[in-house]
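# Per-entry structural report
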There are 2 protein chains.
Amino acid sequence: MKLNKIVGDRFKERPSDCVIDSHALLVRGGYMKYVANGIFSSYTPLVRVTDKIKKIIREEMDAVDGQEVLFPVVMPATLWQESGRYDSIGSELVRFSDRNDNRLVLGMTHEEAAVHLVREFGQTYAKYPFMIYQIQTKFRDEARPRGGLIRTREFTMKDAYSFHTSQSDLEEYYKRCYDAYNRIFARAGIPEVITVQSDSGIMGGNISHEYMLLTPVGEDTIAICPECGYRANMDAAESIIENIRDKASKKITEVNTPNSTTIEEVAAFLQAPLNKTCKAVVYQKNHSDEYVILFIRGDLEANETKLTNFLHCDIHPAVITEESGITAGFIGPLNLKAKCVTLFDNSLSNTNNMICGANKKDYHLTGFDIERDLGKVIYGDFAKITEGGICPNCKKHSITVSKGIEVGNIFQLGDKYTKAMNMTYLDNEGNAQYPIMGCYGIGVGRLAASVCEASHDAYGPIWPISIAPWEVHICCVRSDTPEVKQFADELYQNLLKKNIEVIYDDRQISAGVMFSDADLIGAPIRVIVSPRNLKENIVEITARDKSFALKTPLTEAEQTVIEKVTELKKEIFDKLK
Amino acid sequence: MKLNKIVGDRFKERPSDCVIDSHALLVRGGYMKYVANGIFSSYTPLVRVTDKIKKIIREEMDAVDGQEVLFPVVMPATLWQESGRYDSIGSELVRFSDRNDNRLVLGMTHEEAAVHLVREFGQTYAKYPFMIYQIQTKFRDEARPRGGLIRTREFTMKDAYSFHTSQSDLEEYYKRCYDAYNRIFARAGIPEVITVQSDSGIMGGNISHEYMLLTPVGEDTIAICPECGYRANMDAAESIIENIRDKASKKITEVNTPNSTTIEEVAAFLQAPLNKTCKAVVYQKNHSDEYVILFIRGDLEANETKLTNFLHCDIHPAVITEESGITAGFIGPLNLKAKCVTLFDNSLSNTNNMICGANKKDYHLTGFDIERDLGKVIYGDFAKITEGGICPNCKKHSITVSKGIEVGNIFQLGDKYTKAMNMTYLDNEGNAQYPIMGCYGIGVGRLAASVCEASHDAYGPIWPISIAPWEVHICCVRSDTPEVKQFADELYQNLLKKNIEVIYDDRQISAGVMFSDADLIGAPIRVIVSPRNLKENIVEITARDKSFALKTPLTEAEQTVIEKVTELKKEIFDKLK
């Protein structure tokens, strides 16, 4: 394709609304355009990238016996009522009515549609196992879309659903998908993606993994143990706290702590370490506004996902009213009058000589001994694991915390959906059973942006050849020079004939602008044809990632480009082994 | 692929809710499943068919310099307010609110999104012309989805938008797209598709064509003149009426017509031909419920599209209330007291001695002379053209009327959208101009169903090889016979190695069930391996369309299949020339 034909503008300035590099570069490079919050249109270069990603995904899904199907974007509410999710999912599920007042939803995931599609087919054990997948547009009304294509409201996703007659069969298949996913990310150019144990959240089921690209701009937090290889999403990583009791418990004493409303202020005022304090974190349930107070050691942070899973409902940070009976800034477990759900993190178990709120303005208690003063309470794991914390696997103080982008996930769903939607099969003894499901997702646009995030410089994306919009970029510098133009034209045509994907820039513009555009388009191989090069009887063939820079005789130019394309493609597959 | 692995059931009985054959066969063959009114899921065989259609479309769109882009399914209402269509389109446009009460719509077409995407890019004449297209899910809340995939609410569509600096440039490009569309339909296996002039409806613009597959089950009506080649959608075909006045006009006379409320009853009662009557057809405007009364010759039918275009608003058949002042069954143009819009079809111009309603229960008038009795009124073309009617082109009484399915359409839009959305470019003299647009649509699922409608028998679809889910179907009859199984297995593997798309049935079932399934899957070439054939040292290689039936020696089986695949593919392309 000729570059002067590409619809879309490329420009130099970083757009002010782009926080992360991949977003800025994909906007600057004419890949995407903002339409509304979390909604974008794609230009041809991005369509070419995502088409290649889809092709890789299809090949790997077909290789694990997947069958491509297509579910609707718009589904009847009745289908989601069958699973119970019409009511249990919050406002990220878009609900609306059609012209006949039938309630509909926009698909944000398709477990219900998958069960619906195979409910009759899967009535006998002989049909199992099977896996169906689709690549389809989804819409999730995210509260906070961010990072360009990293978290959008509308997105293209590959979602797969497998059906099994036993947990062991699911696990065997799960392992195949696990490997297929690693192949997909490696083929897309990010073999460095790691798997972490994840929280299953609204999907149901227990065992699940996320595929994470570690990057400081990621919005997921991951606990990694370099000692034993344990890796988990913060939401799924158990926080283990070894509490050491002081030998003697002091007397409980009310102390005046004027104007000290945060636990840090209180600790500083009373000259105590944070881990000798007990702080309160207050939420409200989304559906009822009921208050939920979590008591947790002052040096730790609450993990909302763990709370949500425990409560089986969504929560939000509380708005504390006067009528609530809650004394904001001075909340403590003793003499708490407010009507609320009270939870205690494991970090408070067995503690003494703690500082906590006195439920009275400007007062805290010291010498709080939770078991002596409160009696038996039930503790739970509601804290975030911390850097240097205890590894849930090897128990060493070895946890490191990193940020990552979730580029894919796989879940063992169990029979949550088949049971709720009454899908059964007859086993080989003629008994009705619920099939066991797995599900497997990859966001196509997010994967494209993640590769860009993992592989770029200040000037543009550095696309791996497997998903680059074009493989080769020919820059014809001074195309007003007939010999230069003629050589570049011929090279372009000859490479096209050899099925090389070429973008050809023969505009009469400065070499600077030409190279800037080439950087933004990010083809892995660049060929520079110029009067100076021609005088030396060479072309320059360089790698976008700077791994090579050749001066190749004109007569060998075509062959060298073809060899380099082949070589780069082979490198991708070599990393799979 | 092995047939016993395909997810989805095939069955014999025609589903009672399927009116047309393609719908029944696609359900019976395990291609699609009903999810909600006008909403379906697709199984793998249909995904394979539509993927091939998409590939053909992409190749032909790229060949006319199209660039594939992707617009969102969900768009902000503001975008549609810019064009004015947020208010002008009726309830087929789905509108809803997101979590922040922003109004959104589901894309049913993407002119607004197209202008939005290129508004900055297209600011100077040097960038023109260009064409962008997408293949994307759309949703249109149809009042009456029907015919399976023929008219759905959710559908996958290729929609293309071209931008030009002059009408002549648009026309030149329009011609290229016109030809590209003919190639697409021919390559998809229905070269018999014809183009007809169409009504532009809500799309704006003037010149447009529809591509029609003529079939009695089509929902569009087409006027064709075999004499001169004129072809138009009924909605766009001018109805020309030659009225002949009786020599003398009789006196106007009120006659008692008890219980005669339809024009047929009145004509029969008064023993007059229908073309000597003037009937009233009553509508109401959708937005205001204002009455619209059309007077038209009794033997003709009103065309609602022509009325809608004239009135610039949607209408529906009227509910006549007592307060309206309309005397249902006896409405006439004289002494009409009701407050309403009154329109006259050309068919009444210059008529005399007509029968019309007297606006009085149980009475009609005879001897009505429209010009004598009513004075000057304005006439318009509001009637449907009729079989044997006058051709608007060659003026012969030669019109034939056929039914068809609209498989694609192309429109010259003019500057309707660019003007409304203020997209301008600077021409070569530095003046701001509005670009001129064309748009070009094909419904992918409807095309698949249309090919099935055009090419099937009672037992299943007869897919053209270009879009068949598989090219070759191997039936291994009596797969419990080791030699049979071994030969069939090897043939299957060898054909796969040669990149032939094979579906392989090695189930231990009766030949009857096996052949029924093969008919439903509709692969163009069938290979039957059986004990009896093996005894004769042959396989049977037959065409689904019965065009050949070979008994081929075992040693030549593979080669013959490959040759037949090549031959059938070549036949498709031969029809392009």
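Structure's up top.
Summarised in this report is the structure supplied together with it. Since the structure is predicted, the reported quantities are computational estimates derived from the model, not experimental observations.

How each quantity is defined
- Residues numbered from 1 in each chain as written.
- Chains lettered and ligands numbered in written order.
- Predicted model: local features only at pLDDT ≥ 70, side-chain atom pairs only at ≥ 80, totals over all residues.
- Heavy atoms only, no water.
- Helix = DSSP H or I, 4+ residues; strand = E, 2+ residues; numbered from the N terminus.
- Buried < 20%, exposed > 50% of the residue type's maximum accessible area, 1.4 Å probe, protein only.
- Contact = heavy atoms within 4.5 Å.
- Areas by Shrake-Rupley, 256 points an atom, 1.4 Å probe, with all protein chains shown as cover.
- Lys, Arg positive; Asp, Glu negative; His and termini not counted.
- Charge placed at Lys NZ, Arg CZ, Asp CG, Glu CD.
- Phe/Tyr/Trp six-rings, centres within 6.5 Å; stacked < 30°, edge-to-face > 60°.
- Buried area = accessible area lost by both parts, 1.4 Å probe.
- Salt bridge = Lys/Arg side-chain N within 4 Å of Asp/Glu carboxyl O.
- Polar contact = N/O pair within 3.5 Å; in protein donor to acceptor, adjacent residues only side chain to side chain.
- Nonpolar A, V, L, I, M, F, W, Y, C, P; charged D, E, K, R; others polar.
- Least-squares fit on C-alpha atoms with pLDDT ≥ 70 in both.
- Axes fitted to C-alpha atoms, helices over the stretch in contact; angles between N-to-C directions.
- Parallel < 35°, antiparallel > 145°, perpendicular 65-115°, else oblique.
- Pairing = 2+ DSSP bridges.

### Remarks on the overall build of chain A
Per the secondary structure count, chain A includes 15 helices and 31 strands. Put simply, chain A has 577 residues, and 58% of those count as buried. Within chain A, contacts between residues separated by at least 24 positions form 69% of all contacts whose residues are at least 6 apart in sequence. Accessible area of chain A: about 24,000 Å², with a carbon and sulfur share of 49%. When the 68 basic and 79 acidic side-chain charges of chain A are each reduced to a single mean position, those positions are 2 Å apart.

### What to know about the packing of aromatic side chains
The final tally for this structure, using the stated rule, is 35 aromatic pairs over all chains. Relative to Y440 of chain B, the ring of Y173 of chain B lies with its centre 6.0 Å away and its plane at 75 degrees, an arrangement referred to as edge-to-face. Here Y440 of chain B lies in strand β24 (residues 436–443) and Y173 of chain B lies in helix α6 (residues 167–187), a separation of 267 residues in the sequence. Consider the rings of F310 of chain B and F382 of chain B, whose centres lie 5.2 Å apart with planes at 85 degrees: the pair is edge-to-face. Note that F310 of chain B is positioned in helix α8 (residues 304–311) and F382 of chain B in the loop between β20 (379–380) and β21 (400–414), a separation of 72 residues in sequence. Three or more aromatic residues link up through ring pairs in this structure, and these residues are F121, Y128, F130, F163 and Y425 of chain A.

### Overview of the interface of chain A and chain B
With 53 residues of chain A in contact, the opposing surface of chain B contributes 53 residues. At the boundary of chain A with chain B, total buried surface from both sides reaches about 4,700 Å², with 54% on carbon and sulfur atoms. Contact with chain B buries area across many residues of chain A, yet V7, Q67 and R99 of chain A alone supply 15% of it, more than any other trio. Seen at the junction of chain A and chain B, the total is six salt bridges. Where chain A touches chain B, the interface holds 32 residue pairs in polar contact (both at pLDDT 80 or more). It is strand β7 (residues 130–139) of chain A that provides the largest number of residues to the side of chain A that touches chain B, a total of five residues. Residues belonging to the side of chain A that touches chain B are distributed by class as follows: 29 nonpolar, 10 polar and 14 charged.

### Quick notes on the relation of the copies chain A and chain B
The two chain copies are related to each other by a rotation about an axis together with a translation along it. Each copy superposes on the other: chain A lies on chain B with an RMSD of 0.1 Å after a rotation of 180 degrees and an axial shift of 0.0 Å. The relationship between the two copies is best expressed as a two-fold rotation axis. Looking at the rotation axis and the C-alpha trace of chain A, the residue lying nearest is F96 of chain A, at 3.1 Å. The share of interface residues of chain A whose copies in chain B are also at the interface is 100%, consistent with both copies meeting through the same surface.

### With respect to the packing of helix α2 (residues 44–63) of chain B against helix α11 (residues 444–454) of chain B
Residues and elements named next belong to chain B. It is the contact of α2 with α11, at a shortest axis distance of 10 Å, that shows an interaxial angle of 110 degrees. Taken together, the axes of α2 and α11 lie roughly perpendicular to each other. Packed against α2, whose contacting residues are L46, V49, T50, I53, K54 and I57, the element α11 presents V444, L447 and A448 at the interface. A class-by-class count of the residues in the contact of α2 with α11 yields seven nonpolar, one polar and one charged.

### Let's talk about the pairing of strand β19 (residues 363–368) of chain B
Residues and elements named next belong to chain B. The buried fraction of β19 is high, at five of six residues. Across four bridges, strand β13 (residues 253–256) lies against β19 in antiparallel orientation. Note that in β19 the partner of V255 across the bridge is H364. Note: strand β18 (residues 354–360) against β19, four bridges, orientation antiparallel. The partner of K360 across the bridge, within β19, is Y363. Taking the residues that link successive antiparallel strands as the turn, the β18-β19 hairpin has two residues, and the phi of D362 there is positive, at about 70 degrees.

### Some thoughts on the side chain of S42 of chain B
Its place among the elements puts S42 of chain B in strand β2 (residues 39–42). Sequence-distant contacts of S42 of chain B, defined by excluding residues within four places in its chain, comprise V69, L70 and L117 of chain A together with Y31, M32 and V47 of chain B.

### Details of the sheet that holds strand β15 (residues 291–297) of chain B
Residues and elements named next belong to chain B. Strand order across the open sheet formed by five strands is β16-β14-β15-β17-β20, with mixed pairing between neighbours. Each having just a single partner strand, β16 (315–317) and β20 make up the two edges of the open sheet. Sheet analysis places strand β14 (residues 278–285) next to β15, joined by seven bridges and oriented antiparallel. Residue pairing in the sheet places V281 in a bridge with L294 of β15.

### So, helix α13 (residues 511–521) of chain A
Residues and elements named next belong to chain A. Within the sequence span of α13, burial applies to M514, D517, A518, D519, L520 and I521. Looking at the buried side of α13, the elements it contacts are α1 (21–28), β26 (460–461), β27 (472–476), β28 (502–505) and β29 (525–529). Downstream of α13 by a residue or two, G522 has a phi angle that is positive, lying close to 70 degrees.

### Quick word on the environment of D179 of chain B
Relative to the helices and strands, D179 of chain B is located in helix α6. Side chain to side chain, D179 of chain B and K175 of chain B meet in a polar contact 3.0 Å long.

### Description of the side chain of N353 of chain A
All names here are of chain A. With respect to the element layout, N353 can be found in the loop between β17 (340–345) and β18 (354–360). Note on N353: relative accessible area 10%, which makes it buried. Side-chain polar atoms of N353 contact the backbone nitrogen of K250, separated by 2.6 Å. Discounting residues that sit within four places of it in the chain, N353 has contacts with D246, A248, S249, K250, K276, G367 and F368.

### Looking at the sheet that holds strand β5 (residues 95–97) of chain B
Residues and elements named next belong to chain B. Sheet architecture is open: three strands sit in the order β4-β6-β5, paired in antiparallel fashion. Both edges of this open sheet fall to β4 (74–76) and β5, since each of them pairs with a single strand only. Mean inter-strand twist for the sheet, computed between neighbouring axes without regard to direction, equals 40 degrees.

### With respect to the packing of α1 of chain A against helix α11 (residues 444–454) of chain A
Residue and element names in this part refer to chain A. Look at α1 against α11: their axes get within 8 Å of each other, and the N-to-C directions meet at 105 degrees. Overall, the two elements α1 and α11 adopt an arrangement that is roughly perpendicular. Contacts from D21, S22, L25 and L26 of α1 reach α11 at A449, C452 and E453.

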